[in-house]
Amino acid sequence: MRELSEISVVGVVGAGTMGNGIAQVAATAGYDVVMRDIETEYVERGLDSVAESLDRLAAKDRLDEEPEAIRDRIEGTTDLDDLATADVVVEAAVENMDVKRDIFADLDEVTDDDVVLATNTSTLSITTIASATDRASDVIGLHFMNPVPIMAGVEVVVGEHTADAVADFAHDFAEKLGKETWESDDKPGFVTNRILMPWINEGVRAYDEGVADKADIDRGMKLGTNVPMGPLELADHIGLDVVLDASETLHAELGDRYKPAYLVKRKVEAGDLGKKTGRGFYEYK
């Protein structure tokens, strides 16, 4: 395993919402970044998202250097072999076990043996993902919160065979990116989604069953529990497809208390995924 002081290039697999956010915070911390996705269109869209996010932060005087300088540290690619130069890799691809295992098997071949391989999975087993490699001791969960450039926290998830030194490295690396960390064992949902998904789904059920309108449900939870967003607003922000996938994974692992709310399923089937599509429980411009 490489020391934190030896890290200069960060590899990111996935240029979507989470991937480009991770690439942005790594570049902001001074690292060179190689961000890979399967299509040029996805890579370009991710780079555009980074540029827009950096411009917003610059307008609020939240950057220590010009946004262009940070953006220039990110290289986009569709070739996984380009990650051979990375000193640490964070995977942020679709939340699908088969896809992630295939990626990690490939990363095991492409990267040097002393490179830590991290996954941004929010619900899937780190141990199962790591078993696709010959270096399970170097595989760990780094679960960033959305939106990555804004949210302060990263959940470090330790697999069955993750080395203690790799867990320590993961905490230190996340802190180098300007984040605060907490640690979870490799149990379904970890800390955050194990608690968050039932909260969101119960908020959706309360709305669907007419307990209150959506605005009052969100307002009540914000004022009553001092959270920044209520359950319906947060579901829109996360993406209802992501909420559904996470809930279904936890439902299969932990039983009926994690059963997805029917209205979440219906909105996903309708293509109303929340803020990213312009419509979810609320409408967005």
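All values derive from a computational prediction rather than experimental measurement. (Residues numbered from 1 in each chain as written. Predicted model: local features only at pLDDT ≥ 70, side-chain atom pairs only at ≥ 80, totals over all residues. Heavy atoms only, no water.)

**Student:** So what exactly am I meant to see when it comes to the domain arrangement of the chain here?
**Tutor:** How big an interface is tends to be stated in terms of accessible area lost as the parts join. Split into domains, the chain comes out as domain 1 (4-185) and domain 2 (192-275). Put simply, the middle of domain 1 and the middle of domain 2, counted by C-alpha atoms, are 26 Å apart. Taken residue by residue, the interface counts nine residues in domain 1 and seven residues in domain 2. Summed over both partners, the interface of domain 1 with domain 2 comes to about 610 Å²; 54% of that surface belongs to carbon and sulfur atoms. The interface formed by domain 1 and domain 2 holds zero salt bridges in total. Counting every contact that joins domain 1 to domain 2 gives three residue pairs in polar contact (both at pLDDT 80 or more). Its residues placed into classes, the side of domain 1 that touches domain 2 shows four nonpolar, four polar and one charged. (Domains from an automatic or database assignment. Contact = heavy atoms within 4.5 Å. Buried area = accessible area lost by both parts, 1.4 Å probe. Salt bridge = Lys/Arg side-chain N within 4 Å of Asp/Glu carboxyl O. Polar contact = N/O pair within 3.5 Å; in protein donor to acceptor, adjacent residues only side chain to side chain. Nonpolar A, V, L, I, M, F, W, Y, C, P; charged D, E, K, R; others polar.)

**Student:** Hey, could you run me through the pairing of strand E6 (residues 139-144) in this one?
**Tutor:** Successive side chains on a regular strand alternate, one facing one side of the sheet and the next facing the other. With six of six residues buried, E6 lies mostly within the body of the structure. Burial along E6 is two-sided: the residues Val139, Gly141 and His143 and Ile140, Leu142 and Phe144 are all buried. Looking at chain direction, strand E5 (residues 116-119) and E6 are connected through three bridges and run parallel. Of the residues in E6, the one forming a bridge with Ala118 is Ile140. (Buried < 20%, exposed > 50% of the residue type's maximum accessible area, 1.4 Å probe, protein only. Helix = DSSP H or I, 4+ residues; strand = E, 2+ residues; numbered from the N terminus. Pairing = 2+ DSSP bridges.)

**Student:** I would appreciate a short explanation of the packing of helix H8 (residues 214-225) against helix H9 (residues 231-238) in the present structure.
**Tutor:** Where H8 meets H9, the axes come as close as 7 Å, and the angle between the chain directions of the two elements is 100°. The pairing of H8 with H9 is recorded here as roughly perpendicular in orientation. For the pair formed by H8 and H9, the contact residues are Lys214, Ile217, Asp218, Met221 and Lys222 on the first element and Pro231, Leu232 and Glu233 on the second. Tallied by class, the residues present in the contact of H8 with H9 amount to four nonpolar, no polar and four charged. (Axes fitted to C-alpha atoms, helices over the stretch in contact; angles between N-to-C directions. Parallel < 35°, antiparallel > 145°, perpendicular 65-115°, else oblique.)

**Student:** What is the right way to look at the pattern of salt bridges in this model?
**Tutor:** As a working rule, side chains carrying opposite charge can pair if their charged atoms are close by. In the structure shown here, the tally under the stated rule is 13 salt bridges. Notably, a salt bridge pairs Asp114 with Arg2, separated by 3.0 Å at the nearest N-O pair. Of the two residues, Asp114 sits in the loop between helix H4 (97-110) and E5 while Arg2 sits in the segment before strand E1 (9-13), which places them 112 residues apart along the sequence. The exposure class of Asp114 is partly exposed, given its relative accessible area of 30%. The partner of Arg279 in a salt bridge is Glu283, and the shortest N-O contact between them spans 2.8 Å. Judged by relative accessible area, which is 60%, Glu283 ranks as exposed. Salt bridges linked by common partners bring Arg2, Asp87, Asp112 and Asp114 together as one network.

**Student:** Any chance you could explain the environment of Asp112 here in plain terms?
**Tutor:** The residue Asp112 is located in the loop between H4 and E5 in this model. Setting aside anything within four residues of it in sequence, one finds Asp112 in contact with Arg2 and Arg135. A distance of 2.6 Å separates a polar atom in the side chain of Asp112 from a polar atom in the side chain of Arg2.

**Student:** Just to check I follow, could you spell out unusual backbone geometry for this structure?
**Tutor:** Where the residue is not glycine, phi is negative for most of them; where a peptide bond is considered, it is trans in most cases. Cis geometry marks the peptide bond from Asn146 to Pro147; its omega dihedral reads 0°. Position of Pro147 among the secondary structure elements: in the loop between E6 and strand E7 (153-158). Even without being a glycine, Asp61 presents a positive backbone phi close to 60°. Relative to the helices and strands, Asp61 resides in the loop between helix H2 (40-59) and helix H3 (67-71).

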